[in-house]
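This is what each chain is made of:
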Amino acid sequence: MEILKLQNLPLLCASSSHRRSSPATISCLRSYLLGCSCINVSTNQREYLRLPRRSNLRIWKSSVNCMASASVTREKEDRNEKENLVSGDAIRRRFLDFFASQGHKILPSSSLVPDDPTVFLTIAGMLQFKPIFLGKEPRKVACATTSQKCMRTNDIENVGRTARHHTFFEMLGNFSFGDYFKKEAILWAWELTTKEFGLPPEKLWISVFQDDDEAFSIWRNEVGVPEERIKRMGEEDNFWNSGVTGPCGPCSEMYYDFHPERGSSDAVPNNYETDLIFPIIEKAAHMASISYSKADDTTKTNLKVIGDHMRAVVYLISDGVMPSNIGRGYVVRRLIRRVVRTGRLIGIRGDGLGSPDGAFTPVLAETVIALSTEIDPDVSLRKTAIVEELKREELRFVQTLERGEKLLDQFLVDALTQEKPCLSGKDAFLLYDTYGFPVEITAEIASERGVTVNMKEFEVEMNNQRKQSQAAHNVVKLSVGNEMEIAEGIPDTEFLGYDSLSVRAVVKGILVNGNPVKHVSEGTEVEVLLDRTPFYAESGGQIGDNGLLYSLGDGNEKSKTVVEINDVQKSLGNIFVHKGMLKEGSLEVGKEIDASVDAKLRLRAKVHHTATHLLQSALKAVTGPETSQAGSLVSFDRLRFDFNFHRPLTDDEITEIEALVNCWISEAADLDTKVMVLADAKKAGAIAMFGEKYGEQVRVVEVPGVSMELCGGTHVGNTCEIRGFKIISEQGIASGIRRIEAVAGDAFIEYITSRDSYMRQLCTMLKVKAENVNARVESVLEELRATRNEVSSLKSKIAVLRASNVASKGLVVGQNNIRVVVENMDDTDTDALRSAAEFLTESLQDPVAIVLGSIPDEGKVSLVASFSPEVVKMGIQAGKFIGNIAKLCGGGGGGKPNFAQAGGRKPENLSMALERAKEELLTALSSDAVRSN
């Protein structure tokens with residue numbers, strides 16, 4: 001009998017910290033639903049790996065990897081009874097209930113969009129506990145258990161090709177924050193596996209880190225696993241780490257041998273054939289009019305890709321990630337387009353239900369949503385938004401897919417003529433930029449044809465276009481920097497700013513250029529840490545307060561201290577960092593100072609924050625309840641609100657939204673602010689801010705009858721303090737994401753005043769009253785349009801006259817007496833250049849080939865090619881010809897075989913380009929000597 005390797009069959013595992021390092025421990029036992037991995041136990045056995053003193057925590061990390069639900073190919077005896085125990089929902093419930101019965105608190109899954117700048121998407125169950133692991137936040141419970149939604153795309157090419165690779169999966173985990181340690185975690189892992197899930201003990205094998213005698217002893221002596229089924233392995237297999245410092249250490253893993261008589265061949269069940277994914281696969285197969293059980297391996301792989309990716313995109317969109325060309329949005333777009341292309345490959349047309357013009361991803365999404373109840377109940381509440389977004393994205397992609405596929409096919413045919421077939425990065429970028437093909441899809445299609453893609457060249461093209469690129473981080477970084485040392489011994493800052501704008505505080509720390517100091521002098525930029533503060537630190541979209549830290553001393557000018565604060569941020573959980581400039585005197589740690597917030601600026605922030613809440617309610621009332629927040633900014637001069645919506649707002653909708661907000665302002669309603677249990681707040685209908693992280697106790701801000709949101713920001717006491725509200729812009733910032741900018745309070749008054757000033761100046765210039773400005777401007781524009789048309793007509797006539805003179809300079813070549821005219825038309829504009837080419841083609845008669853160029857503006861080149869029917873029949877196409885010539889001028893272009901236009905950015909090369917055009921035309925068209933006309 002062979003022991004199955006970790007990568008082939010990881011099923012159950014456990015992990016721990018070495019008891020001798022510290023009495024306080026963190027323990028984690030995790031299990032994957034549709035995503036296999038091992039239990040890793042980590043310990044700070046080595047001195048250099050220990051955590052900083054601030055946390056005094058070490059990890060005992062343990063994972064149980066359970067196959068989710070029964071394979072559809074398993075025997076059917078006692079099927080109904082077994083499915084009740086081994087369905088995906090049952091495994092999740094039994095896991096959580098098991099650890100709840102052992103005193104663990106069941107906590108909800110966090111969003112797939114993590115509140116962590118080091119991680120692109122939520123990739124592990126421990127991520128929401130990372131601040132506790134690093135000692136940045138105190139534990140709220142002694143031990144917890146979760147079912148965490150996870151998303152990984154680092155090995156997307158393996159999805160559907162192996163039995164266990166997935167993008168979206170759930171990670172079940174139990175976590176101990178010093179409550180229990182290695183022994184208990186191992187015993188519970190064994191009990192869960194053998195008693196709760198009923199796996200036969202004789203088929204279980206254990207691996208431990210080669211130096212971890214303690215874990216070996218527990219498995220052998222406490223659990224009773226025979227020594228020959230416990231294997232010691234090295235760091236590559238049995239040591240969990242996340243960086244040079246932080247929670248790390250040895251891990252222990254549990255393996256299950258499904259069929260000892262088979263060795264390691266074909267032993268793992270297929271994760272896709274489970275009740276968590278297979279209904280989606282069955283639906284896709286039905287829409288393609290095929291049978292999964294009778295399909296070949298390639299078709300089955302395609303169906304698995306669809307099943308996996310549909311789960312991923314539904315949960316990502318539900319968590320507020322909309323398709324776009326950057327960041328997380330690009331992940332969603334890439335997955336959707338893989339589904340669309342794969343669906344077309346297996347034969348799904350239109351909506352798969354008979355409508356050739358429809359979209360099929362929304363139909364599949366219905367199945368995903370129906371399966372989501374136990375995973376994430378909120379998904380069904382966002383059903384309309386999810387389905388509509390998928391429909392828009394699919395139809396948008398289909399519009400360009402066929403054109404892009406034809407172009408790609410042409411590129412691949414050309415590439416296959418090379419000795420080493422390779423698609424250029426420029427061509428791959430053209431497909432990406434113009435036709436919406438993710439480069440990964442281009443690479444997949446090319447690979448199917450035996451062609452590689454020049455990715456280095458593609459990245460060069462991408463970097464030239466985009467200002468920033470975001471790459472997925474697939475490692476949870478737990479290493480600890482010097483920030484922990486800086487915060488050593490500094491308590492969390494007590495925030496008093498809800499009730500007071502000025503308090504007496506003690507300086508607990510001073511940073512200069514990120515380094516702690518004891519004393520600073522006048523003229524130094526500083527970061528000040530206080531024991532208490534009235535300053536609001538940036539969070540929830542609201543920027544930090546401005547103000548002063550000062551001390552008048554004993555009246556002596558030398559003892560006076562003034563620090564101008566221009567920003568406040570949170571660090572290491574709840575330590576407020578006051579950033580500013582020491583304008584007068586000196587400052588030292590331990591000094592008592594007065595901290596005073598700029599009251600006028602605070603009021604402007606409060607006004608804009610409350611107005612943001614009213615705006616969200618008005619948006620939902622006007623556009624529908626599925627509209628949701630995607631980001632916000634509350635500053636002193638304006639507010640910004642990003643929201644998920646598929647089209648621009650109409651003028652009437654904007655007017656209606658403004659009217660609603662101003663109506664609520666005029667009602668002079670008192671705001672109600674209270675602290676509630678998170679679950680109670682959600683039941684009451686409170687809306688959570690996008691991307692925010694909440695504890696069990698939350699602050700709820702309510703405008704009675706209008707708005708109720710979870711919010712830690714500052715707000716007005718009564719809506720009448722807002723005075724007025726005005727939307728100043730509405731625009732799209734990404735696919736499916738709109739942005740509103742607005743002003744309220746003093747900023748509203750300033751905006752209206754400035755606009756009134758502009759209007760008065762305009763009235764003076766146009767010599768009309770304000771109510772007549774629109775009519776007068778329209779009249780002026782009409783006059784301008786007429787003048788431009790007249791000028792354009794005159795330019796065309798002049799160009800035609802010049803062309804008639806150019807005609808005499810043409811050459812006659814070949815046996816068919818083909819007339820060739822290649823000429824520089826100086827500063828003729830593009831439209832006039834076209835008219836001149838058309839005139840020459842008609843007047844010189846068939847066969848004729850015309851190429852004209854000009855420099856209409858500084859730094860700009862225009863080119864036109866016009867070939868008569870007889871010339872086109874000879875195999876020379878205007879579009880391809882002029883496109884190649886334009887490259888010499890730093891540009892490009894194309895068009896039809898008989899007529900094409902192009903442009904460039906290097907006018908200094910025009911003469912050379914036209915000379916090249918003449919040479920190539922003469923070579924292509926002439927079989928006789930060239931003779932003058």
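What counts, and at which threshold
Residues numbered from 1 in each chain as written. Predicted model: local features only at pLDDT ≥ 70, side-chain atom pairs only at ≥ 80, totals over all residues. Heavy atoms only, no water. Helix = DSSP H or I, 4+ residues; strand = E, 2+ residues; numbered from the N terminus. Buried < 20%, exposed > 50% of the residue type's maximum accessible area, 1.4 Å probe, protein only. Contact = heavy atoms within 4.5 Å. Areas by Shrake-Rupley, 256 points an atom, 1.4 Å probe, with all protein chains shown as cover. Pairing = 2+ DSSP bridges. Axes fitted to C-alpha atoms, helices over the stretch in contact; angles between N-to-C directions. Salt bridge = Lys/Arg side-chain N within 4 Å of Asp/Glu carboxyl O. Patch = residues over 30% accessible without salt bridge, like charges linked within 9 Å, V, L, I, M, F, W, Y side chains within 5 Å. pLDDT = per-residue confidence, 0-100. Expected span 1.5 Å × (residues − 1). Right-handed = clockwise from strand over helix to strand, strands pointing away. Parallel < 35°, antiparallel > 145°, perpendicular 65-115°, else oblique. Left-handed = near helix turned anticlockwise from the far one by under 90°. Nonpolar A, V, L, I, M, F, W, Y, C, P; charged D, E, K, R; others polar. Core = buried A, V, L, I, M, F, W, Y, C linked by side-chain atoms within 4.5 Å. Phe/Tyr/Trp six-rings, centres within 6.5 Å; stacked < 30°, edge-to-face > 60°. Lys NZ or Arg CZ within 6 Å of the ring centre and 35° of its normal.

A. Seen up close, the overall build of the protein chain. Across its full length, the protein chain holds 25 helices and 37 strands. Looking at the protein chain as a whole, 51% of its 933 residues are labelled buried. In the protein chain, once contacts between residues fewer than 6 apart in sequence are set aside, the share between residues at least 24 apart is 71%. Of the accessible surface of the protein chain, which amounts to about 42,400 Å², a share of 48% is contributed by carbon and sulfur atoms.

B. Structural view of the sheet that holds strand β26 (residues 672–677). Ordered by their spatial adjacency, three strands build an open sheet running β26-β27-β28, and the pairing between neighbours is antiparallel. For this open sheet the edge positions go to β26 and β28 (707–710), each flanked by a neighbour on one side alone. Strand-to-strand, the axes of this sheet are offset by a mean angle of 25°, without reference to chain direction. Pairing geometry for β26 and strand β27 (residues 697–703), over six bridges, is antiparallel. The residue bridging T673 from the neighbouring strand is V701, located in β27. Each of β27 and β28 touches helix α17 (residues 599–623); the most contacted strand, β28, lies at about 120° to it.

C. Region of the structure containing the pattern of salt bridges. Using the criterion set out here, one finds 38 salt bridges in the structure. R337 is the salt-bridge partner of E393, the closest N and O atoms lying 3.9 Å from each other. Of the two residues, E393 is situated in helix α12 (residues 383–415) and R337 in helix α9 (residues 327–345); the sequence distance between them amounts to 56 residues. Pair check on accessibility: E393 and R337 agree, each one buried. Residues R602 and D545 are paired through a salt bridge, measuring 2.7 Å at the closest nitrogen-oxygen approach. In this pair, R602 is assigned in helix α17 and D545 in the loop between β18 (532–533) and β19 (547–551), connecting sequence segments 57 residues apart. An identical accessibility class is assigned to R602 and D545; each is buried. If you follow the salt bridges from partner to partner, you end up with R333, R337, E393 and R396 in one network.

D. Main features of a nonpolar patch on the surface. Taken together, the side chains of M759, L762, M765, V777, L781 and L784 present a nonpolar region at the surface, about 480 Å² in accessible area. Put simply, the parts of the chain that give the nonpolar patch at least two residues each are α20 (746–766) and α21 (773–806). With respect to the helices and strands, the residue M759 is situated in helix α20. Note on M759: relative accessible area 32%, which makes it partly exposed.

E. Region of the structure containing the sheet that holds strand β29 (residues 725–734). Ordered in space as β24-β25-β30-β29, the four strands form an open sheet in which the pairing is antiparallel. Sheet topology places β24 (629–634) and β29 at the edges, where each strand pairs with a single neighbour. The sheet shows a mean angle of 15° between the axes of neighbouring strands, taken without regard to direction. Pairing geometry for β24 and strand β25 (residues 639–644), over five bridges, is antiparallel. Across the sheet, L633 pairs through a bridge with R640, a residue of β25. Contacts from α17 reach β24, β25, β29 and β30 (737–744), with the element oriented near 25° to β25.

F. Seen up close, the confidence of the model for the protein chain. Predicted confidence across the protein chain gives a mean pLDDT of 82, with 84% of residues reaching 70 or more. Of the regions scoring below 50 in pLDDT, residues 35–83 engages in 224 contacts with residues more than four places distant in sequence or in other chains.

G. Local environment of helix α8 (residues 297–318). With 22 residues, α8 extends 32 Å between its outermost C-alpha atoms, agreeing within 8% with the 32 Å of an ideal straight helix rising 1.5 Å per residue. Most of α8 sits out of view: 19 of its 22 residues are buried. G320 sits one or two positions beyond α8 and adopts a positive phi of about 95°.

H. View of the pairing of strand β33 (residues 848–854). Here β33 lies mainly inside the structure; seven of its seven residues are buried. Burial along β33 is two-sided: V848, I850, L852 and S854 and A849, V851 and G853, pointing in opposite directions, are all buried. Inspection of the sheet shows strand β32 (residues 818–824) paired to β33 by six bridges, in the parallel sense. Within β33, the position partnered with V821 by the bridge is I850. Connecting β33 to the next strand, strand β34 (residues 861–867), in antiparallel fashion are six residues, including G859 with a positive phi near 75°.

I. Quick look at the pairing of β32. Among the seven residues in β32, five count as buried, and that is most of the element. Bridge analysis of strand β31 (residues 811–813) against β32 gives three bridges, and the strand direction is antiparallel. Its bridge partner lying in β32, V812 is registered against R819. Counting the residues that bridge the hairpin from β31 to β32 gives four residues, and of these G814 lies at a positive phi of roughly 75°. Viewed along the sheet, the connection from β32 through helix α22 (residues 830–844) into β33 turns out right-handed.

J. Looking closely at the packing of helix α10 (residues 361–370) against α12. Closest axis-to-axis distance for the α10/α12 pair is 8 Å, and the angle between their directions is 150°. Our classification of the angle between α10 and α12 gives roughly antiparallel. As for how α10 packs across α12, the hand of that crossing is right-handed. Side by side, α10 and α12 meet where T361, P362, A365, E366 and I369 of the first sit next to K383, I386, V387, L390, K391 and E394 of the second. Of the residues belonging to the contact of α10 with α12, the class tally is six nonpolar, one polar and four charged.

K. Structural view of unusual backbone geometry. Cis geometry marks the peptide bond from D846 to P847; its omega dihedral reads 5°. Checked against the element boundaries, P847 lands in the loop between α22 and β33. One non-glycine residue, N513, lies in the positive phi region at around 55°. Mapped onto the elements of the fold, N513 is located in the loop between β14 (502–512) and β15 (515–517).

L. How the structure looks around the nonpolar core. Counting 74 residues, the largest nonpolar core has M151, M310, V314, L316, L335, L390 and F437 as its most contacted members. Of all elements in the fold, only α7 (278–287), α8, α9, α10, α12, α13 (425–435), α14 (439–448) and α15 (455–465) reach the threshold of two or more residues within this core. Beyond its immediate stretch of four places on either side in the chain, M151 contacts L112, L121, T122, I123, T167, F168, A312, L316, V331 and L335. By size, the runner-up hydrophobic cluster in this structure holds 30 residues, among which are V607, L619, V622 and A669.

M. Spotlight on the packing of aromatic side chains. This structure, assessed with the given rule, holds 17 aromatic pairs. With 5.8 Å between their ring centres and 65° between their planes, F867 and F881 make a pair best called edge-to-face. Of this pair, F867 sits in strand β34 while F881 is found in helix α24 (residues 878–887), placing the two residues 14 residues apart along the sequence. For F881, a relative accessible area of 10% translates into the label buried. Following the ring pairs from residue to residue traces out a cluster consisting of F95, F98, F99, Y180 and W188. Residue placement shows R232 over the ring face of F216; its charged tip is 4.5 Å from the ring centre.

N. Fine view of α9. If you check α9, its first and last C-alpha atoms are 27 Å apart, about what 19 residues at 1.5 Å a residue would give, namely 27 Å. Across the 19 residues of α9, 17 count as buried, placing the element largely inside the fold. Following α9 by one or two positions, G347 adopts a phi angle in the positive range, close to 110°.

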